[in-house]
Amino acid sequence: MNIAIVGSGYVGLVAAACMAEIGHQVICVDNDEQKVRALRDGECIIHEEFLPELLKRHGGTNLRFTTDLPAAVRDSSVVFIAVGTPPCETGEADLSVLETVCHDIAANVDRYKVVVVKSTVPVGTNDWVRRILIRYGASQKQFCVTSNPEFLREGTAVTDFLYPDRIIIGSDCGRSRMIMEQLYEPLTTGAYAQSEGAIPIPDEAPLPAQLITTHTRSAEMIKHASNAFLAMKVSFINAVANICEVAGADVSEVCDGMGADHRIGNKFLKPGIGYGGSCFPKDLMALHAVAREYGTGFHLLEEVMRINEDQRKFFLRKVRSALWTLKGKRLAVLGLAFKGGTDDIRESPAIAMVRLLLKEKCQIVAYDPAAMERTRQEFDDDSLTFAESAYEAARGADAMLILTDWEEFSILDFDRLKRELRHPIIVDGRNMYSLEEMERNGFTYVSVGRPDTVATANDAAIKERKTEAA
Ligand code: NAD
């Protein structure tokens, strides 16, 4: 099929590359000329596993990039909208970019097209899109609006798209539903997975993908409710972790015990410095605003957000209590992205922590495998510098903080770290290590919801002597 995807960001670009991968002719549109130029030059503009391979495989052939939205719409029978829907100051989703795009699409609906809303939007938005398209000149009979929310996770976006838990198609029109079913057929029959050169299937991926059709409004709610539920799970376990800390329980053991119950599951039972990213915070606020607008209220979400905010303050308190005073302390910060596997720093709890620590007049040397360039663009502060590795960041630091769950931070060389750090202190906001391991290796280790381990006087004294000698 000929497909246009409007918006070449984290979702649009991955969707475009994957749609090309399963055999469609895709034209990806963006109004950011620099981005389009880079994509045309074969640059992969975001850090995402398997994306460079797909761009190389299909770029210039069945995957093209343009700023010309009208031409892309005219050449396509399915038009996906994947532009941003950021929060307004009051928490509602800002749909102004979506409206602008609808305006441009409407003028170019010259034969039947399915207009697919992939952006995350409040319930009722697809009806608005339909009305706006008609208002700006599209003929009612020549298009159908369909909701197809996206559930990919940054870091595993390509495999999430190609081997999804589910594909949701929200449509109140049979013709568009049929077209959408055809579009995803390589995934729902399992044919793509069997094809030569297919991107490898992750363990536990359901095969073939199940496609669930719903009414449009239900599809919109599925997306918001799913994200709100996952965020609630994170805040729930963080609140449990806080009790564990005071009561002397170990939240890791609690998570293992709870997660073994299939009704609960162990995913997202991850205590730490809280959720972030471009989706959970804004989608929670948007759903909360929807509930307010419809007069039903959803106070549970307020508590979820409050716990998440508090988690950062609690973590700052931990850093302070590990170091006594913060002013002038040199800290190695591991992780800036909002989670491991991505370069995305939007609403990153790690970035929020860096800001709080800079306010406390700490000297920060940060390392992140993918997000340093984006962070550099955000900060203009001499107290924040960057290192090329975790060990370089640790050199001469009073303590090391782990703020993002990158896999490489879970396999650090402890002997090397101890040689680099001024004091063997790690404050871990992602619970990457077991207490036994840290105790055995002689670290003062402060994590979330678990007892601290304390470096023995002997370890600390040896370190002190070595530092002085150096
Ligand atoms: P993004 O900011 O990375 O990408 C949006 C893109 O749209 C940008 O490249 C921007 O230049 C482009 N754009 C803006 N105005 C435009 C216009 N008038 N014409 C053409 N292009 C335009 O955003 P994203 O993270 O890809 O998210 C897009 C949507 O998908 C949001 O609604 C988000 O909530 C949802 N979503 C995101 C994720 C995720 O993990 N990032 C997952 C699921 C759903």
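Think of each chain on its own: its residues are numbered from 1, step by step along the sequence as written. Given that this is a predicted model, residues contribute local features only at a pLDDT of at least 70 and side-chain atom pairs are listed and counted only at 80 or more, while totals for whole chains, interfaces and linings are drawn from all residues. Remark: hydrogens and water are excluded; side-chain values derive from all non-hydrogen atoms of the structure.

Caption draft 1: Expanded view of the state of the cysteines. By disulfide we mean two sulfur atoms from cysteines, separated by a distance within 2.5 Å. The tally for this structure, following the rule as stated, stands at zero disulfides. Distance from the sulfur of Cys88, which forms no disulfide, to the nearest cysteine sulfur (Cys102) is 16 Å. Only protein chains enter the calculation, and the probe is 1.4 Å; a residue is then buried if its accessible area is under 20% of its type maximum, exposed if over 50%, and partly exposed in between. Accessibility expressed as a relative area gives 31% for Cys88, which makes it partly exposed. A disulfide-free cysteine, Cys102 has its sulfur positioned 14 Å from the sulfur of Cys144, the nearest such atom. On the basis of relative accessible area, Cys102 is assigned to the buried category, the value being 2%.

Caption draft 2: Focus on the site of the ligand. The local shell around the ligand holds 26 residues, among which Asp30, Lys35, Thr85, Glu154 and Lys282 are the closest. Pairs of N or O atoms are called polar contacts if they sit within 3.5 Å, as long as, within protein, a hydrogen donor faces a hydrogen acceptor (for residues adjacent in sequence, only side-chain-to-side-chain pairs). Thr85 is positioned such that a nitrogen or oxygen atom in its side chain is 2.6 Å from an oxygen atom of the ligand. Lys282 is positioned with one of its side-chain polar atoms (N or O) 2.5 Å from an oxygen atom of the ligand. Method for areas: the Shrake-Rupley scheme with a 1.4 Å probe, in which residue coverage is limited to the protein chains shown. In isolation the ligand has 830 Å² of accessible area, and contact with the protein removes 87% of it. Of all elements in the fold, only helix 1 (10-21) and helix 5 (96-106) reach the threshold of two or more residues within the shell around the ligand. Each residue receives one of three labels: charged for Asp, Glu, Lys and Arg, nonpolar for Ala, Val, Leu, Ile, Met, Phe, Trp, Tyr, Cys and Pro, and polar for the others, Gly being one of them. Of the residues that constitute the shell around the ligand, the class distribution is nine nonpolar, nine polar and eight charged. Residue ranges for the domains trace back to a domain assignment, done automatically or taken from a database. Structurally, the shell around the ligand is a two-domain feature, drawing no fewer than three residues from each of domain 1 (2-214) and domain 2 (229-307). Note on definitions. A residue lies near a molecule or strand when any single heavy atom of the residue is within 4 Å of it. The way it works is that DSSP assigns letters per residue, a run of H or I at least four long becomes a helix, a run of E at least two long becomes a strand, and they are numbered from the N terminus.

Caption draft 3: Inspection of the domain arrangement of the chain at higher detail. The assigned domain composition of the chain is domain 1 (2-214) and domain 2 (229-307). Placing the centre of domain 1 and that of domain 2 at their C-alpha centroids yields a distance of 29 Å. Accessible-area loss on putting two parts together, using a 1.4 Å probe and summing over both, is the definition of buried area adopted here. Summed over both partners, the interface of domain 1 with domain 2 buries about 780 Å², with 59% contributed by carbon and sulfur atoms. Whenever a carboxyl oxygen of Asp or Glu lies within 4 Å of a side-chain nitrogen of Lys or Arg, that contact is scored as a salt bridge. On the surface where domain 1 and domain 2 come into contact, there are two salt bridges. Notably, a salt bridge pairs Lys267 with Glu204, separated by 3.6 Å at the nearest N-O pair. Where domain 1 touches domain 2, the interface holds three residue pairs in polar contact (both at pLDDT 80 or more). Counted by class, the side of domain 1 that touches domain 2 contains five nonpolar, four polar and three charged residues.

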